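# Examining the three-dimensional arrangement
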Amino acid sequence: MRYICMVQQPLKRPDIEGLRALAVLAVVTEHTFATPSGGFLGVDVFFVISGYLITRSLLDEVHRTGRIRIGRFWLRRVRRLAPAFLAMAGTTAVALLLLFPSQDPVSLLTPLGAAVASVSNWWFISQGTDYFGGFDVVSPFQHTWSLSVEEQFYALWPLLIVLSTWIVRRRTGTVRSSPLLKRLLLAFLTLAVCSSLAAAFVTSVDDPQTAYFSTATRAWELAAGAMLAVFIGSARPVSERSGLVLVIGGMTLIVSGMVFFAPSVPMPVPGAVPAVVGTVLVLVGGRSPRGGTWLLENRVSRFFGRISYSLYLWHFPILIIVQQVHPEALWSVIPVSCAFAAASFSFIERPMLAGGARTVPSSLRRTFTAAGTIASTAVAMAAIGAALPTSTVITAPAHAAPTPTSSVDARQESLERALRETNWDTALHDDGRHPGGPDPRDCGRLSLELPEEKCTFGASDAEHTVVLVGDSIAGAWSEAVIELMRTTRPSRKVVVLARNGCPFIDAEVQRGIECGRVQQQVIDRVADLRPDAVIIGSRMDGIPFEQVDGRGVLTASQFERASASMLEELRGTTGVVLQLTAPPAGKDPARCHVRFGSPQACTQRVSQEWLSRMASTERVADKHDVRLVDTRPLVSVDGLTPGTADGAFIRTDAVHVTPSFSRASAPALGELIDEAGGLDPR
């Protein structure tokens, strides 16, 4: 057997194939069905196996030839990993771009480019990706982060071995049987394990997103496998009895972690420790004359072990597509993924592994042929799935709407029409191009730091001032507020002081941003401006209020206290405080707008989370003399919010309305503001 784990390796270790089967099936089922709760630990099993097998392969070459042909090693890695990866990546990109017309190509292809460059883990860190963030928009290439970690290991670790062999050769004149090489490599690995564990221990608490994806915090896992390979070397295997005890003990540790651990356990320390230790025990015990247990070495386990690389590659984009096209068919993810993985292994992986350099062109032809077949099959299956009805589609009751007597009534009528739409051709007829000009949403982007004059809209000598504060929800209502002032209240200018990512509450719920300091600067500036009115816009659902100190999600009482504290800060700085509620979260058009589907798939009920947050907001508003504007009539009817209105999308994603929709909402928003008491002091 020449293809175990992700390594072309002359070791015949059926127990390792079984171990990889356990790992990949745990990952696939956890991603698909959220069970076992610790199935994500399968990745940690992969890391240890890869560290072990790669190091064994390199050291075998050193012992045979006295050197490492680093270029040949890297070429083998590319031939082993690249064909199946490129087939998956190309198929996924084509399928998503064809099926989801509203998919932003840049947001799709950027993480793909990072994966091709073997830096996707660092790219996801730069985006602040939360691996366990259920409300995040998930990239179909998010799972490639672990491949990037391994590929970075493949790039650096062989160089350290080459350096070590050079040092040993200079000192002793020979490398093949020198004990100095073993001591030197163990010293390097001990340093790597200790420093990486320390980094992981600190970062797992202070910055869990970075800790999960970072090569620095994962290196100890790969180094543990490499250290095992160096340490045991040509040592005699353990006895059959000891081997069986080690294998069973290791399996118990791995499975216990997968079953009992939850995402709340800090990762990778201490969360990954049982999986890493358990894998090391299995690798040691499996060297006994008895080998591993029947659970690892049966035909089914070995089959899944052989296709594990392709199964890992294919399952995640298939899962993402099924979730978007036909969420009621999640049961199909695993069998479909296994079918794709088996085809990828048979027609792409195995030919590339079996063929030498002379057969690479013919292997590549088979690769492209298989990839094309898989791609066309994937698109056809997705199209069929999109055309199937799904029980998650929500339709509005058909009833005659009264003649609109106000802008709010007109908006309600347009939403009712949208809820009854079944064809994208009639639901979408706006090309989305609208007059340009200054973008008030840029004012909330902390990275831009725009000067205040660029975020002031209206006549510079206007008699009255309105300040818009909050997070990106305030920015999403900015076009409506600015248009409302321009058309009906020209004596007022609008200063946009939104700060994206920082809700207008006195609580730290955004990792990586000191929101308390950011919003205090906003309040200080409001005090300087002494505006006639302050309008607040801040998120209410769609993204959990997770406290950065690890104390969990804000409770209703904590949210109310945090909101009240900010309002106390505003007291005395303005005559009127008015709060625009965040629109209830809907469905992201990039995910629900399927070329062969129905607009009704974009319909969403107003969430219980939003209703609960609304009740809290009302209580705080009553106590602090805040004029509260319920924006539900702008986006929903009878508790249902469609994906479109008046021929255009309502949202840019699940929580933000589009600039054109916001601007068109100005008349109706003005009516709702007047009903709430207006912007003039009583």
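What comes next concerns the included structure. It should be emphasised that the depicted structure is a prediction, and the values quoted were computed from it without experimental measurement. (Residues numbered from 1 in each chain as written. Predicted model: local features only at pLDDT ≥ 70, side-chain atom pairs only at ≥ 80, totals over all residues. Heavy atoms only, no water.)

## Some words on the overall build of the chain
Rules: Helix numbers and strand numbers start at the N terminus; a helix is a DSSP run of H or I with at least 4 residues, a strand a run of E with at least 2. Only protein chains enter the area calculation, which uses a 1.4 Å probe; residues under 20% of their type maximum are buried, those over 50% are exposed, and those in between are partly exposed. By the convention used here, residues are in contact when the closest approach between their heavy atoms is within 4.5 Å. Residue-level accessible areas treat just the shown protein chains as cover; the underlying method is Shrake-Rupley with a 1.4 Å probe.
From N to C terminus, the chain includes 26 helices and 12 strands. Expressed as a percentage of the 682 residues in the chain, the buried residues total 53%. Counting contacts in the chain only where the partners sit at least 6 residues apart, residues at least 24 apart contribute 79% of the total. Carbon and sulfur atoms provide 59% of the accessible area of the chain, an area that totals close to 29,000 Å².

## Remarks on the nonpolar core
Just so we agree on the cut-off: Residue types Ala, Val, Leu, Ile, Met, Phe, Trp, Tyr and Cys, when buried and joined through side-chain atoms within 4.5 Å, form a set referred to as a nonpolar core.
Among the nonpolar cores identified, the biggest contains 106 residues, and Val45, Tyr52, Phe85, Trp145, Trp157, Tyr312 and Leu313 are the most heavily contacted of them. For Leu313, the residues in contact, after removing those within four places along its chain, are Ala84, Phe85, Met88, His143 and Leu147. Within the second largest apolar cluster, 46 residues are counted, among which are Trp477, Met485, Ile650 and Ala668.

## Examining the packing of helix 6 (residues 145–172) against helix 7 (residues 179–206)
Rule in force here: All axes are obtained by fitting lines to C-alpha atoms, using only the stretch in contact for helices, and the reported angles, taken between N-to-C directions, cover 0 to 180 degrees. In these notes the angle categories are as follows: under 35 degrees is roughly parallel, over 145 is roughly antiparallel, 65 to 115 is roughly perpendicular, and the rest is oblique. For a crossing to be left-handed, the near helix must be turned anticlockwise from the far one by less than a right angle; the clockwise case is right-handed. Any residue that is not Ala, Val, Leu, Ile, Met, Phe, Trp, Tyr, Cys, Pro, Asp, Glu, Lys or Arg is counted as polar, Gly included; the first ten are nonpolar and the last four charged.
Between helix 6 and helix 7, whose axes approach to 9 Å, the crossing angle comes to 140°. When the axis of helix 6 is compared with that of helix 7, the two are oblique. Here helix 6 runs over helix 7; the crossing is right-handed. Side by side, helix 6 and helix 7 meet where Trp157, Leu160, Ile161, Ser164, Thr165, Ile167, Val168, Arg171 and Thr172 of the first sit next to Leu180, Leu181, Leu184, Leu185, Phe188 and Leu189 of the second. Of the residues assigned to the contact of helix 6 with helix 7, the class counts are 11 nonpolar, three polar and one charged.

## With respect to the packing of helix 19 (residues 472–488) against helix 26 (residues 666–675)
Helix-helix packing: each pair is described by the crossing angle between the helix axes and the interaxial distance. Running from N to C, helix 19 and helix 26 point in directions that differ by 80°, and their axes come no closer than 9 Å. Classified by the interaxial angle, the pair formed by helix 19 and helix 26 is roughly perpendicular. Across the interface between the two elements, Ala480, Val481, Glu483 and Leu484 of helix 19 pack against Ala666, Leu669, Gly670 and Ile673 of helix 26. Classifying every residue of the contact of helix 19 with helix 26 by side-chain character gives six nonpolar, one polar and one charged.

## A look at unusual backbone geometry
Glycine aside, a negative phi is what most residues show, and trans is what most peptide bonds show. Residues Thr35 and Pro36 are joined by a peptide bond in cis, for which omega reads -5°. Inspection of the secondary structure assignment puts Pro36 in the loop between helix 1 (14–33) and helix 2 (42–65). In this model, Met267 is joined to Pro268 through a cis peptide bond whose omega is 5°. When you line up the elements, Pro268 lands in the loop between helix 10 (240–260) and helix 11 (273–285). We note that Ser118 has phi near 65°; this positive angle belongs to a residue other than glycine. Looking at the element boundaries, Ser118 is found in the loop between helix 4 (105–116) and helix 5 (120–126). With phi around 50°, Glu449 is a residue other than glycine that occupies positive phi space. Its place among the elements puts Glu449 in the loop between helix 18 (424–427) and strand 3 (456–457).

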